[in-house]
Amino acid sequence: DGVFDAVISQAVFEHLPDPFFTAQEVHRVLRPGGTALIDTAFMQPFHGDPDHYFNMTRSGLREIMQGFDIEELGVRPYQNPSLGLIMQIETLLPFVTSADWRGRLKQALGVLKESGESFDSCLGEVGRDTIAAGVYALARKPG
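Below: a short report on this structure. (Residues numbered from 1 in each chain as written. Predicted model: local features only at pLDDT ≥ 70, side-chain atom pairs only at ≥ 80, totals over all residues. Heavy atoms only, no water.)

### Things to note about the packing of helix α3 (residues 81-92) against helix α4 (residues 99-130)
- One can describe the packing of α3 onto α4 by two numbers: an axis separation of 7 Å at closest approach and a directional angle of 145°. Classified by chirality, the crossing of α4 by α3 is right-handed. Contacts between α3 and α4 pair P81, S82, L85, I86, I89 and E90 from the former with L105, A108, L109, L112, K113, G116, F119, D120, L123, G127 and R128 from the latter.
- Taken together, the residues of the contact of α3 with α4 sort by class into ten nonpolar, three polar and four charged. (Axes fitted to C-alpha atoms, helices over the stretch in contact; angles between N-to-C directions. Helix = DSSP H or I, 4+ residues; strand = E, 2+ residues; numbered from the N terminus. Left-handed = near helix turned anticlockwise from the far one by under 90°. Contact = heavy atoms within 4.5 Å. Nonpolar A, V, L, I, M, F, W, Y, C, P; charged D, E, K, R; others polar.)

Structure follows, in structure tokens:
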């Protein structure tokens, strides 16, 4: 209890059957004033390793982090919508049986890979939050 200065969890919480319990455990092991950095999937396709249980909105992650003082809550550049859309298309392509649709999706994939930052920028903050690939929280244990 209370021995760690920081806990970092990247792309783990969506793979946990009980992320609420895990957040409580993070809280338990942090010293007072300790920092937790949690990032997790939002608009990402199923990616089991070995399983995938939850994708989280910003408000969902806030709920999971109850008991922490949240300093930042949002979308990091590596969680922008273009990256989520790239993941979605790459996941779908093996299942698409129509050559026409495969071609269209590959074209969209190429545009996103080439100009994703421009796409993300034109969405504005609300648009980026609405379809972000993931969300993160930087939080402190009170005390």
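Now that the structure is up, let's keep going.
### Description of the pattern of salt bridges
- Under the definition given, this model contains seven salt bridges.
- Measuring nitrogen to oxygen at the nearest pair gives 2.9 Å for the salt bridge that ties E90 to K113. One end of the pair, E90, is in helix α3; the other, K113, is in helix α4, and 23 residues separate them in sequence.
- Given a relative accessible area of 51%, K113 falls into the exposed group.
- Of the charged contacts, one joins D100 and R104 as a salt bridge, the two residues approaching to 3.2 Å between their closest N and O atoms. One end of the pair, D100, and the other, R104, are both in helix α4, four residues apart, so they sit about a helical turn from each other. (Salt bridge = Lys/Arg side-chain N within 4 Å of Asp/Glu carboxyl O. Buried < 20%, exposed > 50% of the residue type's maximum accessible area, 1.4 Å probe, protein only.)

### Describing the pairing of strand β4 (residues 134-140)
- Counting buried positions over the seven residues of β4 gives six, a clear majority of the element.
- For strand β2 (residues 30-41) and β4, the ladder comprises seven bridges, and the chain directions are antiparallel. Considered in β4, the bridge of A41 is made with G134.
- Relative to β4, strand β3 (residues 69-74) is paired through five bridges, and the arrangement is antiparallel. Paired with I70 across the bridge in β4 is A139. (Pairing = 2+ DSSP bridges.)

### A word on the nonpolar core
- One finds F13, L61, M65 and F68 to be the most contacted residues of the largest nonpolar core, which totals 20 residues.
- Sorting the residues of this core by element identifies α1 (19-29), β2, α2 (58-64) and β4 as the ones contributing at least two each.
- In this view, F68 contacts A23, V26, H27, L30, A36, A139, R140, K141 and P142; residues no more than four positions away in its chain are not counted. (Core = buried A, V, L, I, M, F, W, Y, C linked by side-chain atoms within 4.5 Å.)

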